Amino acid sequence: MGDPAVVVAYGAEQRVRVPAVRARWLRQTFVHWPFRPEAVQALLPRELVVDEYDGAAWVGFTPFVMADVRPPVVPASAPGLPTFAETNLRTYVRRGDGRDGIWFLSIEVACPLMLAARAVGAPYTLGTLRVTTDGGTVSYAGSRGLRRTRRVAYRLDVRPGDPVLPTERDVWLTSRWRAYTRRLGRIWETPVEHEPWPLAGAAVDVLEETLTAAAGLPAPFGAPVVHYSPGVEHVRLGPSRPLPT
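A few points on the structure. (Residues numbered from 1 in each chain as written. Predicted model: local features only at pLDDT ≥ 70, side-chain atom pairs only at ≥ 80, totals over all residues. Heavy atoms only, no water.)

Right, let's talk about the pairing of strand β8 (residues 153–163) for a bit. Of the strand pairs in this sheet, strand β7 (residues 137–144) and β8 are connected by six bridges, and their pairing is antiparallel. Each residue of the ladder has a partner; that of Val138, found in β8, is Val158. As paired strands, β8 and strand β11 (residues 200–209) are joined by eight bridges and run antiparallel to one another. By the bridge assignment for β11, Tyr154 is matched with Glu209. (Pairing = 2+ DSSP bridges. Helix = DSSP H or I, 4+ residues; strand = E, 2+ residues; numbered from the N terminus.)

Structure (structure tokens):
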């Protein structure tokens, strides 16, 4: 499936030699829906073009746990930030030169210190989030703001399955090595490096969310594609930089 000319790399495309942030991303579920490309393109800045796979734009709902977040000057033996939950709503884009990346439609986070990333346009919003495990089920729940509202909230219960050998589409949906944001009329790029995602299948028991509607998306035209990952241990985020105009 897909167009091999635009398949992204399974492993990190660049070394982040001087990271701005180190972290671990744990217990991450990927829920991806297909949308008409024009519906997603309408939400993007003019400098970016929606990336497509099999003629669809894909939007990912990705709740996970952030652990051991620390700037590089903090040694591994010292404690980082307390573990907290984060949830991204994202899609996939390309610059004019063809370099692919992530565009965030929204980011909910349970740690106020992460709001500093708004300085480069990352759409962080403080939320009330939780991630729990019960037997073989991983549960995620959250809402935008410090008080739960029904308008922008979600609940997801999944049962991770056996590890899978990633297909071309699996890699395309999960393996992205830079994020784009927009601030002060410029597109900013943040490079990312970590080991390849270990992926498993996942059965969905509960999926309720209003994040996609709040972002301005219509209903998807297909069923979700779901993966689970226990996480990656060696995340390195490089300094964000504005791209030339």
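Per the stated rule, a full pass over the model turns up seven aromatic pairs. Here the aromatic rings of Trp25 and Trp197 are separated by 6.2 Å at their centres, their planes lie at 15°, and the arrangement is stacked. Separated by 172 residues along the polypeptide, Trp25 in strand β1 (residues 21–35) and Trp197 in the loop between β10 (186–193) and β11 bring together distant segments of the chain. The two residues Trp25 and Trp197 agree in class, both being buried. A network of ring pairs unites the aromatic residues Trp25, Phe30, Phe64 and Trp197 as a single cluster. Over the face of the ring belonging to Phe221 we find Arg36, whose NZ or CZ atom lies 4.2 Å from the ring centre. In this structure, Arg176 packs its charged tip against the face of Trp172, placed 4.4 Å from the ring centre. (Phe/Tyr/Trp six-rings, centres within 6.5 Å; stacked < 30°, edge-to-face > 60°. Buried < 20%, exposed > 50% of the residue type's maximum accessible area, 1.4 Å probe, protein only. Lys NZ or Arg CZ within 6 Å of the ring centre and 35° of its normal.)

Along the chain, the position of Glu86 falls in strand β4 (residues 84–94). Lacking a salt bridge, the buried Glu86 has Arg90 as its closest oppositely charged neighbour, with an N-O distance of 8.7 Å. Within polar-contact distance, the side chain of Glu86 engages the side chain of Tyr124 at 3.4 Å. Discounting residues that sit within four places of it in the chain, Glu86 has contacts with Thr62, Pro63, Phe64, Met66, Ile107, Glu108, Val109, Met114, Tyr124 and Leu129. (Lys, Arg positive; Asp, Glu negative; His and termini not counted. Salt bridge = Lys/Arg side-chain N within 4 Å of Asp/Glu carboxyl O. Polar contact = N/O pair within 3.5 Å; in protein donor to acceptor, adjacent residues only side chain to side chain. Contact = heavy atoms within 4.5 Å.)

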